[in-house]
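Residues per chain are reported as follows:
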Amino acid sequence: MPDQNEIRDTVILGSGCAGLTAAIYAARSNLKPLVLEGHEPGGQLSITTLVENFPGWPEGVQGPELIENMKKQATRFGAELRMAHLTCVDLTKSPFELTLGKDTVLTRSLIIASGASARWLGLPSEQALIGFGVSSCATCDGFFASGKEIAVIGGGDSAMEEALFLTRFATKVTLINRSESFRASRIMLERAQTHPQIEFLHNTIVEECLGVEEKDLKGLKLLNRKTGERSTLPVSFMFLGIGHEPNATMFKGQLDLDNDGYVKTEDNVFVSILGERIHGVFACGDVQDRRYRQAITAAGTGCMAALEVEKYLEELGR
Ligand code: NDP
């Protein structure tokens, strides 16, 4: 059993935009937050290139640089960043118990900012070209596709939304759906199908992204699963729109999650189990936000979570 000194006032799970904003606020309140960096330190911003829509950066800022600055800002006020993965969590007793491999940390409050991870195809050539023509974020990288021919992968609402959005920049968008039918809602599908700049390929999968040596996407090798026909599509950008996975599986049974595994929240950050609020635990950022998924909205809810922690600890008499 860890001694009393090891009970933290607050632990923040995740070091993306939401977690680090929470850390800045909590640290400035002198709570000495412990930030667990997790599997993808820095979150999705750390795999983005130029971020042009974060207020305060008129010329844009590289995603990794933005994250690095947030880390510096949080540690300057006393946040402790630790490379650790949560292996087990017990929210049934207070203080809450977090298992990090061989270590146990007890904490009076917990901010869950574990984010969501974009789904990828999993091809080595795709992974090698992330940030060099391959992207999972149309809002972040769409501008760079200006005047180019591009591909969007997927057949759900995300893919339709991305394809429609990207017609503002790209001269032509080829939407590649692996199935015959679509998961997208009728209205979104119709909008995409009737758009003059969008073309559809059905029953088609990407076998390889071309341009790994040049570090610049040159095209896609495609396979029609129905006919067995192979072809090459010359495109300068490939956007993935095949969904996101919220990083919340470790909370199954301990927190209310929606059908797709996102943490359900009330008033943005309050969590529950069987509809009953869990005091002292808050969620922020993409792990609870399937709708906006922007750096600035993640930062906003991170701030809210930290302010609620402060209030909660005050009520506890800390
Ligand atoms: P969905 O799960 O609805 O769709 C995922 C799509 O990606 C499917 O077409 C699926 O194909 C395809 N896919 C999955 N894995 C692969 C793979 N490895 N290779 C190729 N294709 C793949 O996810 P979305 O993100 O589109 O939507 C999630 C939820 O969010 C939905 O409820 C949606 O309605 C909602 N949403 C709403 C929006 C809006 O209203 N504006 C915008 C975005 C999302 P297959 O069918 O073959 O499995």
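Residues numbered from 1 in each chain as written. Predicted model: local features only at pLDDT ≥ 70, side-chain atom pairs only at ≥ 80, totals over all residues. Heavy atoms only, no water.

Moving on, we get to the domain arrangement of the protein chain. The assigned domain composition of the protein chain is domain 1 (4-117 + 244-315) and domain 2 (120-240). Look at where the C-alpha atoms of domain 1 and domain 2 centre, and you get two points 32 Å apart. The partner domain 2 presents nine residues to the eight residues of domain 1 that form the contact. Summed over both partners, the interface of domain 1 with domain 2 comes to about 700 Å²; 50% of that surface belongs to carbon and sulfur atoms. On the surface where domain 1 and domain 2 come into contact, there are zero salt bridges. Our enumeration of links across domain 1 and domain 2 arrives at zero residue pairs in polar contact (both at pLDDT 80 or more). Broken down by class, the residue content of the side of domain 1 that touches domain 2 amounts to two nonpolar, four polar and two charged. (Domains from an automatic or database assignment. Contact = heavy atoms within 4.5 Å. Buried area = accessible area lost by both parts, 1.4 Å probe. Salt bridge = Lys/Arg side-chain N within 4 Å of Asp/Glu carboxyl O. Polar contact = N/O pair within 3.5 Å; in protein donor to acceptor, adjacent residues only side chain to side chain. Nonpolar A, V, L, I, M, F, W, Y, C, P; charged D, E, K, R; others polar.)

Our focus in this paragraph is the state of the cysteines. Using the criterion set out here, one finds one disulfide in the structure. Left unpaired, C303 is separated from the closest cysteine sulfur, that of C284, by 9.9 Å. (Disulfide = S-S within 2.5 Å.)

Core analysis: the largest hydrophobic core is formed by 34 residues, its most contacted members being C17, L45, F54, I111, F282 and C284. The residues touching C284, leaving out its near neighbours within four places in the chain, are A18, I111, I112, A113, V269, T301, G302 and A305. (Core = buried A, V, L, I, M, F, W, Y, C linked by side-chain atoms within 4.5 Å. Buried < 20%, exposed > 50% of the residue type's maximum accessible area, 1.4 Å probe, protein only.)

Our focus in this paragraph is the pairing of strand β19 (residues 270-273). Within a regular strand, the side chains alternate between the two sheet faces. Note: β19 against strand β20 (residues 276-283), three bridges, orientation antiparallel. Within the sheet, the bridge partner assigned to F270 lies in β20 and is F282. Taking the residues between adjacent antiparallel strands as the criterion, β19 and β20 are bridged by two residues, where L274 takes a positive phi near 50°. (Pairing = 2+ DSSP bridges. Helix = DSSP H or I, 4+ residues; strand = E, 2+ residues; numbered from the N terminus.)

On to the site of the ligand, then. Taken together, L121, G155, G156, D157, S158, E161, R178, S179, R183, I242, G243 and R290 make up the full set of residues adjacent to the ligand. Taking E161, its side chain carries an N or O atom lying 2.9 Å from a nitrogen atom of the ligand. In the model, an oxygen atom of the ligand is placed 2.4 Å from a nitrogen or oxygen of the S179 side chain. The fraction of the free accessible surface of the ligand (920 Å²) that becomes covered by protein chains is 71%. Residue classes in the shell around the ligand are distributed as two nonpolar, five polar and five charged. (Near = heavy atom within 4 Å. Areas by Shrake-Rupley, 256 points an atom, 1.4 Å probe, with all protein chains shown as cover.)

Let's shift gears to unusual backbone geometry. Geometrically, the link from S94 to P95 is a cis peptide bond, its omega value of 0° lying close to zero. For L274, which is not a glycine, the phi torsion comes out positive at approximately 50°. For L274, the location among the structural elements is in the loop between β19 and β20. Notably, R293 is not glycine yet its phi reads approximately 50°, a positive angle. On the accessibility criterion, R293 (26% relative accessible area) is partly exposed.

The strand order across the open sheet built from five strands is β10-β17-β11-β12-β13, with neighbouring strands paired in parallel fashion. In this open sheet, the two edge strands, each paired with only one partner strand, are β10 (134-135) and β13 (198-201). Inspection of the sheet shows strand β11 (residues 149-153) paired to strand β17 (residues 237-240) by four bridges, in the parallel sense. Paired with A151 across the strands is M238, a residue of β17. The strands touched by helix α5 (residues 157-166) within the sheet are β11, β12 (172-176), β13 and β17, with β11 carrying the most contacts at an inclination of about 165°. (Axes fitted to C-alpha atoms, helices over the stretch in contact; angles between N-to-C directions.)

Taken as a whole, this structure holds 16 salt bridges when the rule is applied. In this structure, the salt-bridge partner of R8 is E80, at a minimum N-O distance of 3.1 Å. Taken together, the residues R8 in strand β1 (residues 7-13) and E80 in strand β5 (residues 80-82) connect sequence positions 72 residues apart. Residue R8 is classed as buried on the basis of its relative accessible area, which comes to 18%. Where E180 meets K226, a salt bridge forms, and the shortest distance between an N and an O atom there is 3.0 Å. Here K226 lies in the loop between β15 (219-224) and β16 (230-233) and E180 lies in the loop between β12 and α6 (186-193), a separation of 46 residues in the sequence. Judged by relative accessible area, E180 falls into the partly exposed class, the value being 48%. Among the charged side chains, a salt-bridge network with shared partners connects R8, E80 and R82.

The next thing to look at is the packing of α5 against α6. Two numbers describe how α5 lies on α6: the axes approach to 9 Å, and their chain directions differ by 35°. Between α5 and α6 lies a crossing whose hand is left-handed. Here α5 contributes D157, M160, E161 and L164 to the contact with α6, which in turn contributes M188, L189, R191 and A192. By residue class, the composition of the contact of α5 with α6 is five nonpolar, no polar and three charged. (Left-handed = near helix turned anticlockwise from the far one by under 90°.)

What follows concerns the sheet that holds β15. Strand order across the open sheet formed by three strands is β14-β15-β16, with antiparallel pairing between neighbours. Each edge of the open sheet carries a strand with a single partner, namely β14 (204-210) and β16. Across the sheet, the axes of successive neighbouring strands diverge by a mean angle of 25°, strand direction being ignored. Looking at chain direction, β14 and β15 are connected through six bridges and run antiparallel. If you follow I205 over to β15, its bridge partner there is L223.

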